[in-house]
Amino acid sequence: MTYQVLARKWRPRTFQQMIGQEPILRMLTHALRNERLHHAYLFSGTRGVGKTTLARIFAKCLNCETGITDTPCGQCAHCTAIDAGRFLDLLEVDAASRTKVEDTRELLDNVHYQPTLGRYKIYLIDEVHMLSGHSFNALLKTLEEPPSYVKFLLATTEPKRLPITILSRCLQFNLKRVPIDEIAKHLQHICSAENIPFDAPALTLLSQAADGSVRDALSLLDQAIAYTGEKILLADTEAMLGSVSFETLLRLLQAIHANDGKQLLMEIENLEMHAVNFYQALDEILSILHQISLAQVIPDAPHLKDSIITLAKQFKPEDIQLYYQIALIGRRDLPYAPTPKQGFEMILLRMLSFRPVIIIKEEEKIIPPKAIEKPVTPSLNPRTWIDTLDKLALTGLAYALASNCTLLEISDTKVKLALAIQHEPMLNKKLTERIEQALVQYLNKPIKLEILVTSTVGETPVKKQKEEDKARQAKATEAIQNDDDVQKIMGIFDATLDLNSIKTI
Ligand SMILES: Nc1ncnc2c1ncn2[C@@H]1O[C@H](COP(=O)(O)OP(=O)(O)O)[C@@H](O)[C@H]1O
Ligand SMILES: [Mg+2]
Ligand SMILES: [Zn+2]
């Protein structure tokens, strides 16, 4: 008996047998039940997610002898003919092999003949983005005025390559990559039905490697069956995929945490001996870092392994963020490294070198001496005004007004402040009274306050503050520009410094 590949053997024949595309199936079911049918559908999505499968089931839905339905019988002459790929009114074309305009014309020439047997004449054009420009024009003419008995089902992995004129005439459905756990469940179901014993984690590993494509997952399962003999074991599957176990990768991160370069290099050597795929290993590390980060934010998030939670407690969140960046950029640059192993090693060593080495133990923390309280002898004169201002019981607008004043003169009974003319709108009686009260309280004697408006004033508290801020900003900018670590990071990430992002507090 010849072996039929699983992807073909397990091609779904009903909507219910499909996995991972529920929203689309719901919309199509709804349309079929209400017979609200469009004349052209476009199914887009990456390879192996069910575009062709879906289009064929939809063709049965439209032509089943039991009537237009979302649950075609699968028994009638039309259904069985469609399943067997020999239904006269389903014209299936692979545009990748028939790109020429003559082909499309030939195909569309008979569009004006009624369906031979079925309710609808269905054109299933796969990989439609491969058609030539002239072919698109020929197709477009038909799409503009299709006979009522014609339906177009187009499928493509690259909808962006379709002319907008075609796109705008189709109802588009984007099929999603199928989540790992759904694929894993599907593989388990198939293994059980085929009487193939398995380790569940091995099937999860295959599902991960399939990257959302059910077809790829089934091809990998075919390979695993051939590779592992009687039972699909995790270790065999790892060896087959050249992938690394979770535990091995955790040991790499533990070595980084322990600041143990020797151990780290030994572990990497070990990976090399097991012919590990370093690209995949790096992806796995990214995924582990992501999980650690999640555990740091939500410690009781579901599905977190204990080892992840332990690492989450050991590492600082900002270190994990940095490692993630390093791994992500390393992944981009890995193809340029002389060998994947060397590139991988450099990425992990970079993480090691960025590990903060200054660890202040609790008892070594320097406790600043308590500020020594000086008795405050109230002294107020034009020179000390700027410093005195903060000692006055002033807030809000009154404080703002006083901050824009200079002290002109002070006598036993009177204080005179000067306010620059551009700030005159701030001046009013209520605020003046509040400042006067604060001065009375501070000097502990009755005084009268007068605020004079002048064309210019000397250095006010506000002006001084602005100058100080400017100087501090300049100093901070200089310090950051000259900082060794910042320069290192800029070198590694090919980054520039955004001066506006430097904030002093
Ligand atoms: N959503 C899905 N549910 C179940 N099996 C699927 C799904 N998508 C793909 N498959 C499996 O992969 C095979 C190829 O699917 P196909 O519809 O030809 O993918 P596409 O046209 O998107 O490249 C199918 O025969 C089936 O075994
Ligand atoms: Mg296909
Ligand atoms: Zn039927």
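Bear in mind that the values here come from a model prediction, so they are computed numbers and not experimental data.

K.L.:
Sorry if this is basic, but what is going on with the pairing of strand β3 (residues 121-126) here?
P.N.:
On a regular strand, each side chain points to the face opposite its neighbour's, so the side chains alternate between the two faces of the sheet. Counted residue by residue, β3 has six buried out of six residues, so it is predominantly covered. Every second residue of β3 is oriented toward a common face, with Lys 121, Tyr 123 and Ile 125 on one face and Ile 122, Leu 124 and Asp 126 on the other, all of them buried. Where the polypeptide runs from β3 across helix α6 (residues 133-144) and back to strand β4 (residues 150-156), its parallel neighbour, the crossover connection is right-handed.

K.L.:
Could you clarify how one ought to interpret the packing of aromatic side chains in this entry?
P.N.:
The geometry of an aromatic ring pair is captured by two quantities: the separation of the ring centres and the angle between the planes. Taken as a whole and judged by the stated rule, the model has seven aromatic pairs. Centroid distance Tyr 41 to Phe 58: 4.9 Å. Interplanar angle 75°. Geometry classified as edge-to-face. A residue pair is termed long-range when its members are at least 10 positions apart, and Tyr 41 in strand β1 (residues 40-44) and Phe 58 in helix α3 (residues 51-63) qualify at 17 residues. For Phe 58, a relative accessible area of 1% puts it in the buried group. Here the aromatic rings of Phe 315 and Tyr 323 are separated by 5.8 Å at their centres, their planes lie at 90°, and the arrangement is edge-to-face. Taken together, Tyr 41, Phe 43, Phe 58 and Phe 173 form an aromatic cluster joined through their ring pairs.

K.L.:
Help me understand the environment of Asn 270, please; the structure alone is not making it clear to me.
P.N.:
Looking at where Asn 270 falls in the secondary structure, it is placed in helix α13 (residues 261-273). A residue is classified by how much of its surface remains accessible, and Asn 270, at 29% relative accessible area, is partly exposed. Measuring from C-alpha to C-alpha, the distance between Asn 270 and Thr 248 comes to 9.4 Å, with 22 residues separating the pair along the chain.

K.L.:
What's the story with the coordination of the zinc ion (ligand 3) in this structure? I'm lost.
P.N.:
Tetrahedral coordination by four donors puts the ideal angle at the metal at 109.5 degrees, and octahedral coordination by six puts it at 90 or 180 degrees. Coordination of the zinc ion (ligand 3) by the protein is provided by Cys 64 (SG), Cys 73 (SG), Cys 76 (SG) and Cys 79 (SG), with metal-donor distances spanning 2.3 Å. Metal-centred angles of 102 to 121° between the four donor atoms at the zinc ion (ligand 3) mark the site as tetrahedral. Considered as a linear motif, the donors of the zinc ion (ligand 3) on their single chain read C-x8-C-x2-C-x2-C. Taken together, the positions of Cys 64 in the loop between α3 and α4 (77-83) and Cys 76 in the loop between α3 and α4 put the pair 12 residues apart, joining distant regions of the chain.

K.L.:
What is the right way to look at the domain arrangement of the protein in this model?
P.N.:
Interfaces are often sized by the accessible area lost when the parts come together. Once the domains are mapped, the protein shows domain 1 (6-174), domain 2 (180-241), domain 3 (246-353), domain 4 (385-459) and domain 5 (463-501). Just the C-alpha atoms count here: the centres of domain 3 and domain 5 sit 31 Å apart.

K.L.:
I'm lost on the confidence of the model for the protein in this one. Help?
P.N.:
On average, residues of the protein carry a pLDDT of 88, and 94% of them reach 70 or more. Note that residues 357-375 has pLDDT below 50 and, in this model, two contacts with residues that lie over four places away or in other chains.

K.L.:
Teacher, can you tell me more about the sheet that holds β3 here?
P.N.:
By way of backbone hydrogen bonds, the strands of a sheet pair with one another, either parallel or antiparallel. The strand order β2-β3-β4-β1-β5 describes an open sheet built from five strands, whose pairing is parallel. The sheet terminates laterally at β2 (90-94) and β5 (171-174), the two strands that pair on one side only. Pairs of neighbouring strands in the sheet enclose a mean axial angle of 15°, with direction left out of account. Bridge analysis of β1 against β4 gives five bridges, and the strand direction is parallel.

K.L.:
Looking at this structure, I do not really get the environment of Phe 15. What am I missing?
P.N.:
Here Phe 15 shows up in the loop between α1 (6-9) and α2 (22-33). Here Phe 15 falls in the buried class, since its relative accessible area comes to 5%. Along the primary structure Phe 15 and Leu 28 are separated by 13 residues, whereas in three dimensions their C-alpha atoms are 9.6 Å apart. When neighbours within four sequence positions are excluded, Phe 15 is seen to be in contact with Leu 25, Leu 28, Thr 29, Leu 32, Leu 54, Ile 57, Phe 58, Cys 61 and Asp 70.

K.L.:
Whenever I open this one, the packing of helix α8 (residues 180-193) against helix α9 (residues 200-209) confuses me. Can you help?
P.N.:
To describe two helices that pack against each other, one gives the angle between their axes and the distance between the axes. Contact pair α8 / α9: the axes reach a minimum separation of 8 Å and the direction vectors enclose 125°. Judged by the inter-axis angle, α8 sits oblique to α9. As for how α8 packs across α9, the hand of that crossing is right-handed. On α9, the residues touching Ile 180, Ile 183, Ala 184, Leu 187, Gln 188 and Cys 191 of α8 are Ala 200, Leu 203, Thr 204, Leu 206, Ser 207 and Gln 208.

Rules used throughout
- Residues numbered from 1 in each chain as written.
- Chains lettered and ligands numbered in written order.
- Predicted model: local features only at pLDDT ≥ 70, side-chain atom pairs only at ≥ 80, totals over all residues.
- Heavy atoms only, no water.
- Buried < 20%, exposed > 50% of the residue type's maximum accessible area, 1.4 Å probe, protein only.
- Helix = DSSP H or I, 4+ residues; strand = E, 2+ residues; numbered from the N terminus.
- Right-handed = clockwise from strand over helix to strand, strands pointing away.
- Phe/Tyr/Trp six-rings, centres within 6.5 Å; stacked < 30°, edge-to-face > 60°.
- Donors = N, O, S within 2.8 Å, 3.2 Å for Na, K, Ca; no water.
- Tetrahedral: all angles 85-135°; square planar, octahedral: opposite > 155°, others 65-115°.
- Domains from an automatic or database assignment.
- pLDDT = per-residue confidence, 0-100.
- Contact = heavy atoms within 4.5 Å.
- Pairing = 2+ DSSP bridges.
- Axes fitted to C-alpha atoms, helices over the stretch in contact; angles between N-to-C directions.
- Parallel < 35°, antiparallel > 145°, perpendicular 65-115°, else oblique.
- Left-handed = near helix turned anticlockwise from the far one by under 90°.

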